[in-house]
Structure formats: C-alpha cells, structure tokens
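Structural overview
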Amino acid sequence: MPAQLLSQPNPPPDASLLPTSLSALKVELDLDVLSPGEVDDIKSFRRAADYVAAAMIFLKDNVLLERKLTHDDIKPRLLGHWGTCPGLVLVYAHLNRLVIKHDIDVLYVVGPGHGAPGILSCLWLEDSLASFYPEYLRNKAGLASFVTRFSAPGGFPSHINAETPGAIHEGGELGYALSVAFGAVMDNPDLVVACVVGDGEAESGPTATAWHGYKYIDPAESGAVLPIVHVNGFKISERTIYGTMDDLELCALFSGYGYQVRFVEDLARIDQDMAASFEWALREIRKIQGAARAGQAIVKPRWPVLILRTPKGWSGPKSSHGEFIEGSFHAHQVPLPKAKSDTEELETLQHWLDSYRIGELVDLGTGAVAESVLRVVPNSSKRLGLRKEANGSWTKLKLPNWGSFEVEKGTQQSCMKTVGKFLLDVVKENPNTFRIFSPDELESNKLDAILEATGRNFQWDVAARAGGGRVIEILSEHTCQGMMQGYTLTGRTALLPSYEAFLGIVHTMMVQYSKFVKIAHETKWRKDVGSINYLETSTWARQEHNGFSHQNPSFIGAVLNLKPTLARVYLPPDANCFLSTIAHCLRSRNYINLMVGSKQPTPVWLSAAEADAHCVAGASVWKFASTDGGLKPDVVLVGIGVELTFEVIAAAALLRKEVPALRMRVVNVTDLMILGPERSHPHALTDADFVALFTADRAVHFNYHGYAGELRSLLFGRPGTARMQIAGYSEEGTTTTPFCMMLANGVSRYHVAAAVVRAGAAVNERVAVDAQMKIGELMHRARKATEYALEHGQDHADAYDTPTFS
C-alpha cells in the first residue's frame, strides 16, 4: 500500500470506548457573535487570501485570470504546500478581527511552516510586505511579481523563514512551534501568541512535552499562548494520529494536560464558530491573568486550547483523475501536479481559481484590494506582519564587571560555581530580560548560586509559584531550546546550561535555528538579536561516575559545522577565563555560542588580567609551563579544554623534571575558531600568526576535549598539518575513576609526555638517546595507574594536585 486507501474524503475517526461523560469537558458556545456584514468581510478576506495562495503555487502569468488559463501560464516547477493554507488563512483573518476589536498585541507562530503561501498571501493583503519589500506593493504589478516569484529564484521560499515579516519560527523541522511560542510570551505581559500546531507536528516528541509549557508561565508577569491544533487529518500520504481520535479522546488528552478544550468544526458556520471561540479564549486568558495580577492567582488554571477541524486543502479541487483531493493527503502539497501539461488538470485548476471570484475582491485593472477585504486589516503596527517583537527589538543586558568575581590564581576552583556567582548578579540586574532554561540540572551543574537571588518558575509547584523565578527547569532539552529561541527572537537574552552528553538532543533544532538567524542576518530589515548561549558542563572527562552514556562531546562538532559567521566555540581553561568568556557571550549578538567547562574544582592558571588578555587573543603561549618561556621549542604541546589542559600541564611539569634536555612550548587554545584556515572564520588566525604560535616546522601535539576528527577537519588547510598529532575523546568510557578516563582515551599526562618525547627525539639528539626507554617507562606508569585504580577504587591521592614548576 504505497499511500493511504480512502473510501471517502475527510474520513471521521472511529468511536472510542471512553465514557460519554467526558463530553462534559467540551466547551459549548453561542455562535452568533458576528453580524452578517462581519461574516461577509471575513469571507472576503479568506477568499482573497486563498486565491492568492493558490496562485502563488501555480501561476507565472495571468495572475488575476483576465483570460482563460493556458499551459504557458503555469510555472515550470510547481512547489508549495496547499493543504494547510486555508486553515492558516482562517486563523489569520480571525486574529485580525480580534486585534481590531480588542486592540491587543498578537504574534502568529505557525508550526506547519510549509504553509507559507497562506501566510504570505495575508501579508500582501494587509500591505505589510510592502513595508519591507517595495517590489511587492499592494497593486497589480506588486501582486504579479509576488505571485510569479514564489518558490522561484529570487522570491520567497516554499517555507516560512526569516524573510517572512512577523515570523519567529521556521517550521521546516516540525515539533518546536509551541515551545517557541511559550518562550515569546515570557516577560511580555500584554502579548498573545496564537500558535498553530499541525496534527502531523502534534505527533512529534518535542510537541508532546511542550503542551506542559503553561506550567512555567506566570500570568502575573507574562503573556499568553493560544494553541490551535489544526486537525485536517492527513500528513503526506497517511492519516494523522489526531485525525483518528474522536472528541472524547482529544478532550481527555488535553484536559489532562491542563486545558479547556473547544472544538472549532462547524464548517457551514465556520466564521461564527471561530469568532465565538476566539472571543471565549480571550476572555479566559484575561480572567486568568486578571486574577494573578490582582494577587489572587488561580491555582492550576485551565488555559484555552482550540481544536480546529477543517478538511485538508479546503476550498480546493474535490477530485482529479478519480482520486479525492480535498479532504485527503492528495491536497498536502501541489494538488494538481501536472497542470503544466495535462489538459484535465489545467481545466480543474481554472474551475478552482474561478470559484474564488477574485475580480470581486481585487480590481483587475489596478490590483486595488476591495474595501470588504481591508475592513479585516488592523491599523499599522498592530498588523501581524509588523510586530516589533518579531522584527527586532533586542534589549542589551546590564552586565556586572566580571573581574570583580576573580578567583585567586594558584587555587583550585570550580568554573561553574564561579560563573554561578556572576550569573547571580546578571539575574539581579536584568529582572525582565534574562532567563535560564535548564533541563533539570542547575544544581547538579553547580550553578546553584543563581538560586540565591531567584527561584524556579514552576507554576504547578506551590514552592515556586508566583515567585518571579528566572529559571525554567524542565527535563526536556527540546522544550528548553524552543523556549530559549522564542525568548531570544523577541528581544531578550537566554542561557541554556546542560550536561554535555545530552546537548546533542537539540542538535538539529539548533541547526534549524542557525538557518533562521543566518537568513535574518542577511535580511536588511531584520534587526540584531541576542546570541543563544549554551553552557556545556558535566563533561565526559568528569562523568566517570555516571558511565559511558554520559560521555559524549559531539555537540562541539555540531556547532563547528555551522556557518562561520554564526558559530563560536569556547573551551576556557579555568574559572577566570570562563568569567571573561561568559561575559563576552552574553554581550554578543546573532551568534550561537558554545562554552565548554568543568564543574569540578580545577587549577586557576591565570589572574583576571591574564585571563582577559588570553581570551581576547583566543590562544597564547603559557610561558610558566614552557621551557625558556617557549623559545626555540623541540615540540609544541597544546591543551584545549579544562581537564585536557590539566594533563598537558602535568605532562610538561613531569618532562621538565625528567627530560630536562627537551625544549617545550605549551599553548592553550580557548577559542576553537582561531584554528581554522586563514579567512575561514572571523576569528581565524592569519597563517603568519598561526606559525608564530605553533612554529613553522616543529611537531605539535594537541590534547583536545572533543573528537580528534573535528580538530583535524578544522586544521585542514593550515601549513604543515602533517607534523600535527591530535589526541581526543575516542569513545572509551565506563563507570571508573577520573584519571582512568584520561588513560582509557589516550589523553593522560603519560600519553602526552610519551608523544612529546617521541616528537622531540626527532629533532633533539640529547632527547633521542634515552627516548625509547623514557617512553616505555611512561607507558608503564600509565598501566600502573590503571592497576591502582582497579585495586583501590580510586586514583592516587595526588593525581589532581596542581603541577608545580621549579
């Protein structure tokens, strides 16, 4: 069965076995809220928008049907998704009415982003497009350009993206719209975000968790999300889960999530149904918010959700070639895919487009839009395409002087505990523009100092309710990521701390976001937004107690693969460097920042002043660990990452004592992006500077926190890479001791020292004389360290003492 077999269009769900008493959970309403004139106006808007959306998919000429269609009028390549468009237009028209009547602030987040024609057609009708794209004026020439260039080179793409005014969500990879919407309303008390979740998207895991988003919305301080589940019944070639669920099942599901359920499904009176449902939803939202803002918050309020049931591809062709189209999966993308060459399909298209009577709604001579349509368009900035929240309104953070949090050089301090104290003051200074989204690991990651000034914002917990907490902890990386995106794209700044191993859960989500930001940065009218900031800790190097499942640094590679203008990866070697780095990241704009560090106490190698200079440079020679300040080395040792740098320093201290003839230069790299080929990244060193740091001809041994292949790829194109050796995490791990993790992955001080002796022997005869014997001794010590841990269940007591240099 290659595709869904259908005996009828829009097939109803089978009846469930749930008790009929659950029907009491359905919200029933009086539908007579619109006057006949209002109904006519909304229908006019919908007809016009549906026509334009359909024309965008098919027509390259004759866009107002001034003559009968010919095959030459049809685009050579038909791209677009029709099926969801009529539903999206229906929602758009009624949001406009709500804005006009109540003067409210509304954003429209569209989960099924493939329905771009439905949104773009509305933007053209309301004349928002012309504010950003003068070539798409609301006249005949503007319409022709707009329609013919859709899904063609130089025009709008087939999906909503950052070029779409009013958009804060791409909607290409499904599952994230709802969490983005919840992030957008946080600290925006007057904002309502209408979020359409397609019934295909509703099958995704991230959406399933995001329904709990309201449990983290304090109605006293934040706005409201109005979720609209668009149940049109089909995906690309199969029915949806929600499409096979009856009213009782959907009522039980969403009531359990904490919602009041309203079905919008009276097709004969759909505008009355939708208007009444929107009015009811707004009343419920205001009731909940009003109580909270009067100090009488409703415990576990039941927020409104709308279940919109309309046929897939509603108002499109009913059938073609004996197959159902409207109300079936055939309407999902291009319902008449052979219209360019098939006469029957061309005639069906003509009949379909004629049914909208576009000449009544748009003047065929001038392209002027009829007054009946314009009465459904709000004034100026209230239009959905002109919202300041979506199109750029970034508020810079007020950051404390990070140097005042300096920890003493020579001591051992936790990077995370130190950073936590800094973030405590960031929270205090930015009570409405900074949030932390954490997958339930804030204390485990030793950032608990933050909680001295704020709490968790979990409204269903009596201990956290209505406390103004700036921390969202939910054990869903997807939900944290989506909320962070919505919060950031509406002008604020956020931080997502996580166990290193589990950031990969949001890998593709982060990539999708980076695509949105890339296009936004290239779109002239989009303004800057704050960077999104990942704090990656509980790293593999110190996850020896949790075991192999918690040992995975692959998110570094995910960020490295992004567009260089966006990607930033930092591995600060100590607490003071981490302070400098996080202050820089929170000040930055438009980037994806990844900061990797340890939560365990580790040596503080640099003072605040030294750390600042080191971080500005991105890398430097650590003269205190080098021989003769790093001059004329036989070999260069490079540490990247806290624990890996510790092993490099330990190896250098060992070799200074035991192989005094060996000349070493010790380098630490804190900004990974400096290593790429010249001009490959804004931070990349010139070749001359690269050679000055790593020499022109000496062997270089990298001890790298991530996978060796990542660093090898990054260095490709640099001069003399054949002399470079890279050791990194090699997928060896279990529940063991910290030093055994180093040993198992070949990055311990003994492995580093052996590699350095071997390399030094090639250019220094005094080292070569005893090299084989010294390397054997070093590997023997590595084996003895493993045996000790197996026998005693711990490392030698001095394994992590700070190395000293005489």
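Quick caveat, the model's predicted, so the values are computed rather than measured.

**With respect to the overall build of the chain**
For the chain, the count of helices and strands is 25 helices and 20 strands. Taking 28 Å as the expected radius of gyration for a compact globule of 806 residues, we find that the chain reaches 30 Å, a close match to that expectation. Reported as C-alpha extents along the three principal axes, the dimensions of the chain are approximately 95 × 60 × 50 Å. Split into buried and exposed, the 806 residues of the chain put 62% on the buried side. Of the contacts formed within the chain by residues at least 6 apart in sequence, a portion of 78% connects residues at least 24 apart.

**Side note on the nonpolar core**
Counting 99 residues, the largest nonpolar core has Phe254, Leu672, Leu675, Phe694 and Phe702 as the members making the most contacts within it. At 7 residues, helix α6 (residues 177-185) tops the list of elements feeding residues into this core. Among all residues touching Phe694, those that are not within four sequence positions of it are Val636, Val638, Arg665, Val667, Val669, Leu675, Val700, Phe702 and Arg723. Residues Ile57, Leu64, Ala281 and Val376 belong to the second largest nonpolar core, which totals 90 residues.

**Focus on the layout of surface pockets**
Here the largest pocket defines a volume of roughly 450 Å³. As for the largest pocket, its lining consists of 20 residues, of which Leu654, Arg749, Tyr750, Asp798 and Ala799 are closest to the centre. Counting residues per element, the ones that place at least two in the lining of the largest pocket are α19 (642-658), α23 (749-761) and α25 (771-792). When residues in the lining of the largest pocket are grouped by element, the largest group, 6 residues, is from α19. Empty space within the second largest pocket amounts to approximately 340 Å³. Contributing to the lining of the second largest pocket are 18 residues, with Lys43, Arg46, Arg47, Asp271 and Trp314 lying nearest its centre. Among the secondary structure elements, those contributing two or more residues to the lining of the second largest pocket are α1 (36-58) and α9 (270-293). Considering every element that reaches the lining of the second largest pocket, the biggest residue donor is α1, with 5 residues.

**Details of the sheet that holds strand β18 (residues 664-669)**
Strand order in the open sheet formed by 5 strands is β16-β18-β17-β19-β20, and the pairing between neighbours is mixed. The strands lining the two open edges of the sheet, one partner per strand, are β16 (619-621) and β20 (724-729). Here the average twist between neighbouring strands, direction ignored, is 20°. Inspection of the sheet shows strand β17 (residues 635-640) paired to β18 by 5 bridges, in the parallel sense. In the strand pairing of β18, Val635 is matched with Met664. Helix-sheet contacts for α23 involve β17, β18, β19 (699-707) and β20, and the interaxial angle to β19 is about 155°.

**Quick word on the packing of aromatic side chains**
Aromatic rings in a pair are described by how distant their centres are and how their planes are angled relative to each other. Taken as a whole and judged by the stated rule, the model has 38 aromatic pairs. Centre to centre, the rings of Tyr51 and Tyr356 are 6.3 Å apart; their planes meet at 75°, and the pair counts as edge-to-face. With a gap of 305 residues between them, Tyr51 in helix α1 and Tyr356 in the loop between α10 (343-354) and α11 (371-374) connect regions that are remote in the sequence. Side by side, Tyr51 and Tyr356 carry an identical accessibility label, which is buried. Relative to Phe254, the ring of Trp211 lies with its centre 4.8 Å away and its plane at 85°, an arrangement referred to as edge-to-face. You can see Trp211 sitting in the loop between α7 (205-210) and β3 (224-231) and its partner Phe254 sitting in helix α8 (residues 247-257), a full 43 residues away along the chain. The same class applies to Trp211 as to Phe254, namely buried. The ring of Trp460 carries the charged tip of Lys215 above its face, separated from the ring centre by 4.3 Å. Over the ring of Tyr800 we find Arg542, and its NZ or CZ is 5.8 Å from the ring centre.

**Examining helix α5 (residues 140-149)**
All of the buried residues in α5 are Gly142, Leu143, Ser145, Phe146 and Val147. Against the buried residues of α5 lie α1, α3 (116-125) and α4 (129-132). Taken from the residues just after α5, Ser151 is the one with a positive phi, measuring 55°.

**Description of the pairing of strand β13 (residues 567-570)**
Both faces of the sheet carry side chains from a regular strand, because those side chains alternate between them. Alternating residues of β13 divide into Ala567 and Val569 and Arg568 and Tyr570, and every residue in both groups is buried. Both β13 and strand β14 (residues 592-596) contribute to a ladder of 4 bridges, which runs parallel. The partner of Ala567 across the bridge, within β14, is Ile592. On the question of chirality, the crossover connecting β13 to the parallel β14 by way of helix α17 (residues 575-587) is right-handed.

**Points about the environment of Leu586**
Relative to the assigned elements, Leu586 resides in helix α17. Among the residues examined, Leu586 registers a relative accessible area of 1% and is labelled buried. For the pair Leu586 and Pro439, spaced 147 residues apart in sequence, the C-alpha separation works out to 20 Å. Every residue in contact with Leu586, bar those within four places of it in the chain, is listed here: Leu397, Leu399, Phe422, Leu423, Val426, Phe434, Thr493 and Asn533.

Calculation rules
Residues numbered from 1 in each chain as written. Predicted model: local features only at pLDDT ≥ 70, side-chain atom pairs only at ≥ 80, totals over all residues. Heavy atoms only, no water. Helix = DSSP H or I, 4+ residues; strand = E, 2+ residues; numbered from the N terminus. Rg over C-alpha atoms; globule rule 2.2 N^0.38 Å. Buried < 20%, exposed > 50% of the residue type's maximum accessible area, 1.4 Å probe, protein only. Contact = heavy atoms within 4.5 Å. Core = buried A, V, L, I, M, F, W, Y, C linked by side-chain atoms within 4.5 Å. 1 Å grid on protein atoms, 1.4 Å probe; cavity = no way out; pocket = protein on both sides within 12 Å on 5 of 7 lines; lining within 4 Å. Points joined across faces, edges and corners; volume = space filled by probe spheres on them. Pairing = 2+ DSSP bridges. Axes fitted to C-alpha atoms, helices over the stretch in contact; angles between N-to-C directions. Phe/Tyr/Trp six-rings, centres within 6.5 Å; stacked < 30°, edge-to-face > 60°. Lys NZ or Arg CZ within 6 Å of the ring centre and 35° of its normal. Right-handed = clockwise from strand over helix to strand, strands pointing away.

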